Amino acid sequence: MPQSSPSSRAGRWTYEERADQTGSRVYKASITSPDVLQFGFPYAGGSTAMLTIRKRDESTNVYLEVSKGQFNRSFEGGNARIRFDGKPAQSYSFSAAENGRANIIFFDAEQKLINQMKAARTMVIEIGFYAQGTRQISFNTAGLKWTR
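Definitions and cut-offs
- Residues numbered from 1 in each chain as written.
- Predicted model: local features only at pLDDT ≥ 70, side-chain atom pairs only at ≥ 80, totals over all residues.
- Heavy atoms only, no water.
- Pairing = 2+ DSSP bridges.
- Helix = DSSP H or I, 4+ residues; strand = E, 2+ residues; numbered from the N terminus.
- Axes fitted to C-alpha atoms, helices over the stretch in contact; angles between N-to-C directions.
- Contact = heavy atoms within 4.5 Å.
- Core = buried A, V, L, I, M, F, W, Y, C linked by side-chain atoms within 4.5 Å.
- Buried < 20%, exposed > 50% of the residue type's maximum accessible area, 1.4 Å probe, protein only.
- pLDDT = per-residue confidence, 0-100.
- Phe/Tyr/Trp six-rings, centres within 6.5 Å; stacked < 30°, edge-to-face > 60°.
- Lys NZ or Arg CZ within 6 Å of the ring centre and 35° of its normal.

Take the sheet that holds strand S2 (residues 14-19) next. In spatial order, the strands read S2-S3-S5-S6-S9-S8-S7-S10-S11; together these 9 strands make up an open sheet with antiparallel pairing. Across the chains shown, the open sheet's two edge strands, defined by having one partner strand only, are S2 and strand S11 (133-139). Neighbour to neighbour, the strand axes of the sheet diverge by 30 degrees on average, direction disregarded. Bridge count for strand S7 (residues 78-84) against strand S8 (residues 90-96) is 5 bridges, and the pairing is antiparallel. Residue pairing for S8: Ile82 is matched across the bridge by Gln90. Contacting strand S5 (49-56), strand S6 (59-66), S7, S8, strand S9 (104-107) and strand S10 (123-129), helix H1 (residues 110-119) crosses the sheet at an angle of about 70 degrees to S6.

To continue, consider the nonpolar core. As a rule of thumb, soluble globular proteins bury nonpolar side chains together. By size, the foremost hydrophobic cluster in this structure holds 33 residues, and its most contacted members are Leu51, Leu64, Phe107, Met117 and Ile125. Tallying contributions element by element places S10 first for this core, with 4 residues. Setting aside anything within four residues of it in sequence, one finds Leu64 in contact with Ala49, Met50, Leu51, Phe71, Asn103, Ile104, Ile105, Phe107, Ile125, Ile137 and Phe139.

Attention shifts here to the pairing of S2. As paired elements, S2 and strand S3 (residues 25-32) share 6 bridges and run antiparallel to each other. In the strand pairing of S3, Tyr15 is matched with Ala29. Here S2 folds back onto S3, and the loop between the two strands holds 5 residues, one of which, Gly23, carries a positive phi near 95 degrees.

The next subject is the confidence of the model for the chain. Mean pLDDT over the chain works out to 89, with 91% of the residues at or above the 70 mark. Predicted confidence is poor over residues 1-8, with pLDDT under 50, and the contacts of this stretch with residues over four places away or in other chains come to 13 contacts.

Time to look at the packing of aromatic side chains. The description of an aromatic ring pair rests on the distance of the ring centres and on the angle between the ring planes. For the structure shown, the criterion picks out 4 aromatic pairs. Between Phe39 and Phe129, the ring centres sit 4.9 Å apart and the planes meet at 50 degrees, which makes this aromatic pair tilted. Here Phe129 lies in strand S10 and Phe39 lies in the loop between strand S4 (35-36) and S5, a separation of 90 residues in the sequence. Of the two residues examined, Phe39 and Phe129, each falls in the buried class. Members of the aromatic cluster, each reached through a chain of ring pairs, are Phe39, Phe71 and Phe129. Arg148 extends its terminal NZ or CZ atom over the ring of Tyr27, reaching a point 3.7 Å from the ring centre.

Okay, here's the thing in structure tokens:
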């Protein structure tokens, strides 16, 4: 069951602009879910989820990362159900991280997701976790400013 998080960053978009190691500009908008995911062993103790939009050169990514736990996915990808503002949930495909990290996934329909996040007040992602079942992660997406 999700529980409220005391984190002051939860529920607010944060923005970052920096140069990467090659000198390219990297732009990010991130938001932390106010929900704390409670998993069993070996991920006990609460896990936070962060949703990030990242633009580097001509590539834009939308990814979901958890502090503890592993997503159910394969290198061929997987699916999550996403609901905006209480509307019916839609299935979105995602891909695993190229570096093999199991606590991060990259959504495939980046621009569609960004447009919906900009128009919505809330977003709920329903996604499966390895040996932990399916969980719902909510984000307060209102106020997203992304023009990249």
